[in-house]
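Structural characterization, general
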Amino acid sequence: MWACGEHINIWMGKELILLLSIPYLYIPIAFIWFSIIFRNNNLKNSLIIVGSIGVALLSIIVCDMYFPMEPIFPSHSSNIYIALVVLLVIFSLLLFRSRTFAFVILLMTALLICMLLDFLILHIYELLLGIINAIIFYMLFLILRKRLSSSQTTWITNQYTNSGYAVTNMYLLNNILILTAFLMLILLLHEKCIA
């Protein structure tokens, strides 16, 4: 679970952080993400992508285990989930290269920054760790894919993104992200009404 500190002083900050840490809400997004990967790539490329993500996630867990921030900043409560989520989002942005997907992610990020700025500032280490790992492992993925792939494919821009993912699949992923955000908002307002 994401830790709720006393620094969250807006009227729904603590409840929002607790709600964002519920893993069941992300099952539809994960299902659609995996289906997009396997529908738009051959099996070899799909396994390379999933393997790159897996190794990147493992690298963040190892960094948190062997280089914790608590000794350097005693007031810092480590939150590895933030780094994992940031890694997945940045890697997906680099992988899909879809303008609509980037717009939805930027909109959601702006809303989170407006609501949880103090929380995110306190966890800048995890944000940077996720961004740096995403970029490094995306570059490694590109190198590995280039070495293992023999053909270069060109894409029709109005049907596919720059990296070859069907635009209709991106719309589906965007819709699932927006529906999940609305569900979280409804649950958040429900929690506030009960409290």
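The coordinates are above.
Throughout what follows, the structure given in this document is the object of discussion. Along every chain, residues carry numbers that run from 1 in the direction the sequence is written. Local features are withheld for residues below a pLDDT of 70 in this predicted model, meaning they are given only at 70 or higher, and side-chain atom pairs are given and counted only at 80 or more; totals for whole chains, interfaces and linings count all residues. Side-chain calculation: all heavy atoms of the structure are included, whereas hydrogens and water are not.

Patches here are clusters of residues that have more than 30% relative accessible area and form no salt bridge, with a 9 Å joining cutoff for like charges and a 5 Å cutoff for nonpolar side chains (Val, Leu, Ile, Met, Phe, Trp, Tyr). Methods summary: accessible areas were calculated by the Shrake-Rupley approach with a probe of 1.4 Å, and residue burial reflects only the protein chains presented. Should a side-chain nitrogen of Lys or Arg be within 4 Å of a carboxyl oxygen of Asp or Glu, the pair is scored as a salt bridge. Together, Ile-124, Leu-128, Ile-131, Ile-132, Ile-135, Ile-136, Met-139, Leu-140 and Ile-143 give the surface a local cluster of nonpolar side chains, amounting to about 790 Å² of exposed area. A run of H or I in DSSP counts as a helix once it spans at least four residues, and a run of E counts as a strand once it spans at least two, with each numbered from the N terminus. Its place among the elements puts Ile-124 in helix H6 (residues 124–148).

Even without being glycine, Arg-97 reaches a positive phi, approximately 50 degrees. You can see Arg-97 is positioned in the loop between helix H4 (80–96) and helix H5 (99–122).

Positionally, Asn-40 belongs in helix H2 (residues 27–40). One polar contact links the side chain of Asn-40 to the main-chain carbonyl oxygen of Ile-36, over a distance of 2.8 Å. A polar atom in the side chain of Asn-40 sits 3.0 Å from the backbone nitrogen of Ala-166. Every residue pair with non-hydrogen atoms within 4.5 Å of one another is taken to be in contact. Apart from the residues lying within four places of it in its own chain, the contact partners of Asn-40 are Gly-164, Tyr-165, Ala-166 and Asn-169. Nitrogen and oxygen atoms within 3.5 Å of one another constitute a polar contact, given that in protein one can donate a hydrogen and the other can accept it, and given that sequence-neighbouring residues count only through two side-chain atoms.

On to the packing of aromatic side chains. We call Phe, Tyr and Trp rings a pair once their centres come within 6.5 Å, taking the six-membered ring for Trp, and we label the pair stacked below 30 degrees between planes, edge-to-face above 60, and tilted otherwise. Using the criterion set out here, one finds 6 aromatic pairs in the structure. Between the aromatic rings of Trp-33 and Phe-34, the centroid separation amounts to 5.2 Å while the plane-to-plane angle is 90 degrees, which identifies the pairing as edge-to-face. By relative accessible area, which is 10% here, Trp-33 ends up buried. On the basis of an interplanar angle of 80 degrees and a centroid distance of 5.7 Å, the ring pair of Phe-91 and Tyr-138 is categorised as edge-to-face. Note that Phe-91 is positioned in helix H4 and Tyr-138 in helix H6, a separation of 47 residues in sequence. Accessibility classification places Phe-91 together with Tyr-138 in one group, the buried group. Each residue gets one of three labels from its accessible area relative to the maximum for its type: buried under 20%, exposed over 50%, partly exposed in between, using a 1.4 Å probe on protein chains only.

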